[in-house]
Amino acid sequence: MAWRFVVFILICSIFLIFITLNLENKCDISFGFMKIEGVYVWVTAFASFGLGTFCTILFTLFSRVSKKLRSKSGKPGSLKSIKRGDDTDGSNAS
């Protein structure tokens, strides 16, 4: 568990260095129908990182929920039917 904290500190340090080196750098962001001018580069990086984290969390939560639903259903090929030893093709091979 301590190594996760060290990795977190390293990532925060890298972002801090990135921010200090780019305090005055600005960029324009175009969404196709709208353009935002003069956005700081570090704001863009943090927004991208935050959006990626949010999407990853949603993906992880929905995949866990769908796995639980599949295992509770007991359909052939699911984890529950494999654990019981049910045949998926109906044959009784001994």
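The structure under discussion appears in the preceding block.
All of these numbers come straight from a predicted model, not from anything done at the bench.

Visitor: When you look at the overall build of the protein chain in this model, what are you seeing that I'm missing?
Guide: A tally of helices and strands in the protein chain yields 3 helices and 2 strands. From first element to last, N terminus to C terminus, the protein chain shows the α and β order α-β-β-α-α. With 94 residues in all, the protein chain has 5% of them scored as buried. Taking contacts inside the protein chain between residues at least 6 apart in sequence as the whole, the part at least 24 apart equals 12%.

Visitor: Would you mind showing me how to read the pairing of strand β2 (residues 35-40) here?
Guide: Within a regular strand, the side chains alternate between the two sheet faces. Relative to β2, strand β1 (residues 26-30) is paired through 4 bridges, and the arrangement is antiparallel. When the bridges of β2 are listed, Lys26 appears paired with Tyr40. Counted between consecutive antiparallel strands, the loop separating β1 from β2 contains 4 residues, among which Gly32 sits at a positive phi close to 95°.

Visitor: What should I look at first to understand the packing of aromatic side chains in this one?
Guide: Note on aromatic pairs: each is described by the distance of the centres and the angle between the planes. Following the criterion strictly, the structure yields 4 aromatic pairs and no others. Taking 6.3 Å as the distance between ring centres and 25° as the angle between the ring planes, the aromatic pair formed by Tyr40 and Trp42 counts as stacked. Residue classification places Tyr40 among the partly exposed positions, given a relative accessible area of 32%. Judged by its relative accessible area of 28%, Trp42 is partly exposed. Arranged with centres 6.5 Å apart and planes meeting at 85°, the rings of Trp42 and Phe46 form a pair that is edge-to-face. Taken together, the residues span about one helical turn, with Trp42 and Phe46 both in helix α2 (residues 41-73) at a distance of 4 residues. The class for Phe46 is partly exposed, based on a relative accessible area of 37%.

Visitor: Explain the environment of Lys26 here, please?
Guide: Looking at where Lys26 falls in the secondary structure, it is placed in strand β1. For Lys26, the residues in contact, after removing those within four places along its chain, are Gly38, Val39, Tyr40 and Val41.

How each quantity is defined
Residues numbered from 1 in each chain as written. Predicted model: local features only at pLDDT ≥ 70, side-chain atom pairs only at ≥ 80, totals over all residues. Heavy atoms only, no water. Helix = DSSP H or I, 4+ residues; strand = E, 2+ residues; numbered from the N terminus. Buried < 20%, exposed > 50% of the residue type's maximum accessible area, 1.4 Å probe, protein only. Contact = heavy atoms within 4.5 Å. Pairing = 2+ DSSP bridges. Phe/Tyr/Trp six-rings, centres within 6.5 Å; stacked < 30°, edge-to-face > 60°.

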